[in-house]
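# Chain and residue survey
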Amino acid sequence: MRKFSLVEFSVEHPRLIVALSVLITMLFMTQFPKVRTDTNPKNMLPATSDVRVWNDEVEKTFGLYEDMIALGIVNEKGILNKDTLASIQRITDEVLKIKGVAARDVSSFTTIDNVTAENQTLTVAPLMTKVPEDTLGIEHLRKMLYENPLFINRIISKDGKTTAIYVPLEKGANGKEIADRIKEIVKKEKGDGKYYVAGDPVARDTFGAEMFKLMAIFAPIAGMVMLFVRYLMFRDLFLSITLMMDAMIAIVWSMGLLIGLGFPIHIMSSMAPVFLMAIATDSMHIFNEFYFRYRETKDKKKAIIETMNAVSRPVRNTALATAAGFAVLLFMNIIPVRVFGGLVAFGTIALRLLSFSFIPAMFTFVKDEKIEKIAHAEDIGTDRTSQFLGKLAGIGTHKPAMTVAAGIILVIIAIIGIAKTRVNNNMVEWFKKGSDVRISDTVINQALGGTSLGYIIAIAKEDDYIKTPEAMRYIEGLQRHLEKLPVVGKTTSVVDYVKRINRVLHDDDPKYDVVPETKEMIGQYIFLFSMSAKPSDLDNVVDYPFRRANIWVQLKTWDATAMQNVISAVEGYKRANQTPMEMKPAGTAYFNLVWNHEVLWDMVKGFILALIVVFAILAYDFRSVKWALVGYTPLLFTILIIYGVLGFIGKDFDMPISVLSCLSLGMAVDFAIHFVSRFRQRLTECRGEPLCSPSQAQAGQPQGAALTRDVVTDTLHWTAARPGKGIVRNAVLFAASFAVMMFAPLTPYITVGAFIVSMMLLSAFMTIIYLPALITLMQGWLLKGDKI
Amino acid sequence: MKKTLIIVFAIAVSAALCGISLAVTPDEVMKKSQAAFLYPGKDFKARVMMKLISKGGQERVREMTMLRKNYGESGGDQKYFIYFFQPADVKDMTFMVYKYPGRDADRWLFVPAISMVRRIAAKDKHSSFVGSDFTYEDVSGRSLAEDTHGIIKEEKTGGKDSYVVKSTPKAGDMDYSYKMSWIDKSTFLPLKEEYYDKRGELYKVFTAIEVKDIKGFPTITKRSMKNLQSGHLTEVSYSRADYGIGIDDSLFSERFLKQPPKKWTE
């Protein structure tokens, strides 16, 4: 009984195969309307992760909000004038009405409590109940603002030109929707004021909205670019569309499966379509070979089957390597990373299935004359690309030692670059420099305390300890210590309130702007404060049994490293100053630090795992560890050089970059697989075929003789020229489609685009120069055991 | 037969009309409610236990003796004297309020740690009473003339017939846009109040949990205020409540703030 061959079956029943493919695609498509997105980085870690449990606890204990939007209002002439103040009042009134805003805790001139002292009377009132009518009133307001340290750098900048309205959000509110509503409100304001909306929810939810746009715009554009480039290569629209359909079908299947299984789309999975489109380019090798074969056989069906026989092994193995590269992500801790890995691995396998069924089936529909025409151009002797590639390989074969030495120097330089790598992540920097999100953030961070918020929780061993003068003084000292860091804009704690009350009770005498001497005083001052101000003011900074205090640390940057600096500073202070209190970080800034770290190291772990798996696949594929090592070299080379360059240009090693490192492996190894497989195949075929090796034929050497240097060299040139063309076409196509992403408005997409483009071109180049050089140099060792 | 029908009908119609004309006006309901809720007796004393419960279930306790004396009619001036037992570190702290209808009250606080009396000026409408979910106004009431009242419906709540009154502040400076009160038809005590914010969403609920008759005055001895948005809850219970105990005017002075007589505080 003959073994069932999918390719032959497809060629015999092309219509059935195409109909089946379309049907399955439609089935997957029915899942699309159920699509959900999730852009909250919180969900990168499961709800049961330590950091989330801890942050939830902190939020609950201190009645904090997870999300806060800051509306910056800037007037170059100073905001303390009737018009701007009236604007602030109007805007605040409107903001309070927005659904999803936690109105009771909005901080603005008209809502923030101010405690003042005059004529033995303590006055507790919102800072500004109505807009002052005259200069006297404005001067009074100015005095109140600047004599209360709680306000400076929070709702008034030192230069008096900037204020902010802080808008906490209810759980589950959409930051972008609220930010857009705020933008509409401020648009109605005329006058000199400029308005800036910033904060983590804005960045995050804007990113989510943009992500959707990118999926809808860039994936199709990338597809069109690929279609166009392919058309330029083959001059056949039908086949170009076939390749495109191949990618599209795989994308629909994978995304349909993802959505059907009920997973939301994260930033990572949103990139999957473009990745799959790129991986689909591997079928380029089938086309490449097909035209060469057709030229030789002139029989379409036979050419198809022969082509598939020739390329099936490398195509299958590259798919395996790619799928494995992604599948290792399934073993990572972070859920979106796992989902992404599974998604792309599934898509890769789907693609390969299509390569052996759908593509051959589609070939049968192409008219013979058309193929004839294209195939005519495909001759390695006359084709300029092939000639060029042959020459490129010549560098490696003629001066192998020099080539390798140059390579080693490059690697050393690259390693120096890698040593300079800075691990960091900054969500706001995911937006371009000129973007609204970025500008708003910069403006507010320059003028005020900072939009990124972290907490340091002081935990005592007994209740009421926070009320002791020693705890108060310790916290105060820590605050001053932290404020010395350039990234820290402002800190706030219960101590600031106690000092404020102390001073106000003593007729605003600055002498009393200190921590009171006894625990009774502190307790009574806090009670007094709680009797007058909003309950949340106190709840936010101290827990009910006075066992824990919360120090707010406003950071001027969203860099994950900023919170790292704060934590180190806290540890440093603790070492120098003894206390029975424990200090633990919390808050969004801390969460960002943790999840970045986790994603990053998950990816690094994945990368190492992928390195091993890919090596195993290579060794299995080549049935030789030696060949696997050689095949591995261009890949390692490429990766080292790219990361070296990143280190030199000072690009942070952030989440998107770490994700890429994993992917690059599975993809860049493809070229080596093709090259080595085809080279060895050719070498086998050449035994007893004098025509294979022109130099051998010329030299008149006896046929079937042992492999000579010349045979190897000629075979290498042939490999570079023929399958090499497929490699270059693949790389160019890949690069072209990813180049599109470099025009995206979000930097992670740009990074991905630039990274993949350079990686593809570089690894193609490395494969064609370095494999010949290495094989030439080590042929004795490599070919010794080979039974050719 | 026809005639009888007409007569019956006429009686029915006039009875219905009478029913409407006899029904109390919303302003009357609220006036009676104010008298029953905030002004019963000449004076009043109770040991008040207040529990402030956060969303996460953390508790803060305020324990105090509250003394009240009326000056003039229901809706007129009142004086309050409060002595704190708990939290422990504020023991001996005292607090005095002179309440006037239609304007902010005068308040004085004695801070024992520094032995100092300070006057406190705050907005009754917004300020929280000792950190609870009650505002000063929720505790001591607001002038009826500041709102427009309307009876929306009558229904049973907690098994008691009550008027449902909607009160809308005339000025826009309140935290809520309107309040719904369920007023018991027999005692005129509010059994429930719902506060709606500026977006028209319910955000605060007052509930009378326990009503007892003390010296002939129906008195709410257990009550709660829940903030639905912050999840914070305040529970208040009165013990040893009493009316007509003859509080001297002299109690409400700076001297006694500093040295509250045991007779009144215990």
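Residues numbered from 1 in each chain as written. Chains lettered and ligands numbered in written order. Predicted model: local features only at pLDDT ≥ 70, side-chain atom pairs only at ≥ 80, totals over all residues. Heavy atoms only, no water.

### Remarks on the overall build of chain A
Within chain A, the secondary structure is distributed over 31 helices and nine strands. In terms of overall dimensions, chain A has C-alpha extents of about 115 × 50 × 50 Å along its principal axes. Buried positions account for 62% of the 788 residues belonging to chain A. Within chain A, contacts between residues at least 6 apart in sequence are counted, and of these 80% link residues at least 24 apart. With the model as given, the accessible surface of chain A reaches about 31,000 Å², and the carbon-plus-sulfur share is 61%. (Helix = DSSP H or I, 4+ residues; strand = E, 2+ residues; numbered from the N terminus. Buried < 20%, exposed > 50% of the residue type's maximum accessible area, 1.4 Å probe, protein only. Contact = heavy atoms within 4.5 Å. Areas by Shrake-Rupley, 256 points an atom, 1.4 Å probe, with all protein chains shown as cover.)

### As for the packing of helix α20 (residues 494–505) of chain A against helix α21 (residues 519–532) of chain A
Residue and element names in this part refer to chain A. For the pair α20 and α21, interaxial distance at closest approach is 9 Å and the crossing angle is 90°. One way to sum up the angle between α20 and α21 is to call them roughly perpendicular. From α20, Val494, Tyr497, Val498, Ile501, Asn502 and Leu505 reach across to α21, where they touch Ile522, Tyr525, Ile526, Leu528 and Phe529. When the residues that make up the contact of α20 with α21 are grouped by side-chain class, the tally is 10 nonpolar, one polar and no charged. (Axes fitted to C-alpha atoms, helices over the stretch in contact; angles between N-to-C directions. Parallel < 35°, antiparallel > 145°, perpendicular 65-115°, else oblique. Nonpolar A, V, L, I, M, F, W, Y, C, P; charged D, E, K, R; others polar.)

### Some thoughts on the interface of chain B and chain A
Every contact between the two is made by 38 residues of chain B and, on the other side, 39 residues of chain A. In this assembly, chain B packs against chain A so that about 3,200 Å² is buried in total across both faces, 57% of it on carbon and sulfur atoms. When the buried area of chain B at its contact with chain A is split by residue, Arg60, Arg118 and Arg199 of chain B rank highest and sum to 23% of it. In this assembly, chain B and chain A are joined by three salt bridges. Here Asp539 of chain A makes a salt bridge to Arg60 of chain B, at a shortest N to O gap of 3.0 Å. (Buried area = accessible area lost by both parts, 1.4 Å probe. Salt bridge = Lys/Arg side-chain N within 4 Å of Asp/Glu carboxyl O.)

### Brief notes about the confidence of the model for chain A
Atomic detail in the predicted coordinates should be set aside for any region of low pLDDT. Confidence along chain A averages 80 in pLDDT terms, with 94% of residues attaining 70 or more. With pLDDT under 50 throughout, residues 695–706 of chain A is counted as low confidence; its partners more than four residues away or in other chains account for nine contacts. (pLDDT = per-residue confidence, 0-100.)

### Examining empty space enclosed by the protein
Left-over empty space is what a probe sized like a water molecule reveals as it rolls over the atoms. Here the structure, examined in full by the defined rule, presents 13 cavities of 30 Å³ or more. Reported here for the largest cavity is a volume of approximately 730 Å³. Contributing to the lining of the largest cavity are 44 residues, with Met68, Ser107, Arg154, Asn540 and Trp552 of chain A lying nearest its centre. When residues of the lining of the largest cavity are traced back to their parent elements, those giving at least two are β1 (68–74), β2 (113–118), β4 (162–168), α7 (200–234), β6 (452–459), α20, α22 (535–539) and β8 (548–555) of chain A. Here the lining of the largest cavity spans two domains, and each of domain 2 (64–202) and domain 3 (452–593) of chain A adds at least three residues to it. Here the second largest cavity defines a volume of roughly 620 Å³. Top contributing element to the lining of the second largest cavity by residue count: helix α2 (residues 26–38) of chain B, with six residues. (1 Å grid on protein atoms, 1.4 Å probe; cavity = no way out; pocket = protein on both sides within 12 Å on 5 of 7 lines; lining within 4 Å. Points joined across faces, edges and corners; volume = space filled by probe spheres on them. Domains from an automatic or database assignment.)

### Overview of the environment of Arg547 of chain A
Residue and element names in this part refer to chain A. Structurally, the position occupied by Arg547 is in the loop between α22 and β8. Separated by 81 residues in the primary sequence, Arg547 and Ile466 place their C-alpha atoms 5.8 Å from one another. Those residues in contact with Arg547, other than ones at most four positions away along the chain, are Ala458, Ile459, Ala460, Lys461, Glu462, Asp463, Asp464 and Ile466.

### Regarding the layout of surface pockets
Empty space within the second largest pocket amounts to approximately 530 Å³. Contributing to the lining of the second largest pocket are 26 residues, with Pro126, Leu127, Thr129, His140 and Met144 of chain A lying nearest its centre. Counting residues per element, the ones that place at least two in the lining of the second largest pocket are β2, β3 (121–126) and α5 (135–147) of chain A together with β5 (103–111) and β6 (116–122) of chain B. Its residues assigned to classes, the lining of the second largest pocket shows 13 nonpolar, six polar and seven charged.

### So, the pattern of salt bridges
Residue and element names in this part refer to chain A. Applying the stated rule across the entire model yields 27 salt bridges over all chains. Linking Asp513 and Arg503 is a salt bridge whose minimum nitrogen-to-oxygen distance equals 3.5 Å. Residue Asp513 is found in the loop between α20 and α21, and its partner Arg503 is found in helix α20; the two are separated by 10 residues along the sequence. For Asp513, a relative accessible area of 25% puts it in the partly exposed group.

### Regarding the sheet that holds β8 of chain A
Residues and elements named next belong to chain A. Ordered by their spatial adjacency, four strands build an open sheet running β7-β8-β6-β9, and the pairing between neighbours is antiparallel. Each having just a single partner strand, β7 (488–492) and β9 (582–586) make up the two edges of the open sheet. Along the sheet, successive strands turn relative to each other by an average axial angle of 25°, direction set aside. Where β7 and β8 come together, four bridges link them in antiparallel fashion. Bridge pairing in β8 links Thr492 to Trp552. The sheet contacts of helix α19 (residues 469–483) involve β6, β7, β8 and β9, and relative to β7 the element is tilted by about 170°. (Pairing = 2+ DSSP bridges.)

### Remarks on the domain arrangement of chain A
Size of an interface: often given as the accessible area lost when the parts come together. All names here are of chain A. Domain boundaries in chain A define domain 1 (1–63 + 235–378), domain 2 (64–202) and domain 3 (452–593). On a C-alpha basis, the centres of domain 1 and domain 2 stand 52 Å from each other. When domain 1 packs against domain 2, close to 470 Å² is buried across both sides, 46% of that on carbon and sulfur atoms. Counting across the domain 1 and domain 2 interface gives one salt bridge. Salt-bridge contacts for Lys171 lead to Glu59; the nearest nitrogen and oxygen are separated by 3.7 Å. On inspection of domain 1 and its partner domain 2, the count reaches two residue pairs in polar contact (both at pLDDT 80 or more). (Polar contact = N/O pair within 3.5 Å; in protein donor to acceptor, adjacent residues only side chain to side chain.)

### Remarks on α20 of chain A
Residue and element names in this part refer to chain A. In this model α20 runs 17 Å from its N-terminal to its C-terminal C-alpha over 12 residues, within 8% of the 16 Å that 1.5 Å per residue would give. Counted residue by residue, α20 has 12 buried out of 12 residues, so it is predominantly covered. Restricting attention to buried positions, one finds in α20 the residues Val494, Val495, Asp496, Tyr497, Val498, Lys499, Arg500, Ile501, Asn502, Arg503, Val504 and Leu505. Its side-chain oxygen placed 3.0 Å from the backbone nitrogen of Val495, Ser493 serves as the N-cap of α20. Just beyond α20, the residue with positive phi is Asp507, at close to 50°. (Expected span 1.5 Å × (residues − 1).)

### Some points on the side chain of Asp138 of chain B
Residues and elements named next belong to chain B. Tracing the backbone through its elements, the reader meets Asp138 in helix α3 (residues 136–140). Owing to a relative accessible area of 16%, Asp138 belongs among the buried residues under this scheme. A distance of 2.9 Å separates the side chain of Asp138 from the backbone nitrogen of Thr135, its partner in a polar contact. Side-chain polar atoms of Asp138 contact the side chain of Lys204, separated by 2.9 Å.

### Topic: the sheet that holds strand β5 (residues 194–198) of chain A
In a beta sheet, neighbouring strands pair by backbone hydrogen bonds and run either parallel or antiparallel. All names here are of chain A. An order of β4-β1-β5 is seen for the three strands of this open sheet, with the pairing classed as antiparallel. Bordering the open sheet on either side are β4 and β5, each of which pairs with just one other strand. For this sheet, the mean angle separating the axes of adjacent strands, direction not counted, is 20°. Bridge count for β1 against β4 is seven bridges, and the pairing is antiparallel. Across the sheet, Met68 pairs through a bridge with Pro168, a residue of β4.

### Points about the packing of helix α24 (residues 588–622) of chain A against helix α25 (residues 625–649) of chain A
Residues and elements named next belong to chain A. Remark: α24 packs on α25, axes separated minimally by 8 Å, with the N-to-C direction vectors making an angle of 140°. The angle between α24 and α25 places the two elements in the oblique class. Where α24 crosses over α25, the handedness of that crossing is right-handed. Only Val625, Trp627, Ala628, Leu629, Gly631, Tyr632, Leu635, Leu636 and Ile639 of α25 make contact with α24, whose side of the interface consists of Phe607, Leu611, Ile612, Val614, Phe615, Leu618, Ala619 and Phe622. Looking at side-chain class alone, the contact of α24 with α25 contains 16 nonpolar, one polar and no charged residues. (Left-handed = near helix turned anticlockwise from the far one by under 90°.)

### Observations concerning the side chain of Gln58 of chain B
For Gln58 of chain B, the location among the structural elements is in the loop between β1 (43–53) and β2 (59–71). Polar contacts involving the side chain of Gln58 of chain B include one to the main-chain amide nitrogen of Tyr544 of chain A, which spans 3.3 Å. Beyond its immediate stretch of four places on either side in the chain, Gln58 of chain B contacts Lys60, Thr61, Asp543, Tyr544 and Pro545 of chain A together with Leu52 and Ile53 of chain B.

### Some words on a nonpolar patch on the surface
Residue and element names in this part refer to chain A. Taken together, Ile408, Ile409, Ile412, Ile413, Ile416, Val645, Phe648 and Ile649 make up a surface patch of nonpolar side chains, about 770 Å² in accessible area. Going through the elements one at a time, α17 (400–419) and α25 are the ones with two or more residues in the nonpolar patch. The element that contributes the greatest number of residues to the nonpolar patch is α17, accounting for five residues. The residue Ile416 is located in helix α17 in this model. (Patch = residues over 30% accessible without salt bridge, like charges linked within 9 Å, V, L, I, M, F, W, Y side chains within 5 Å.)

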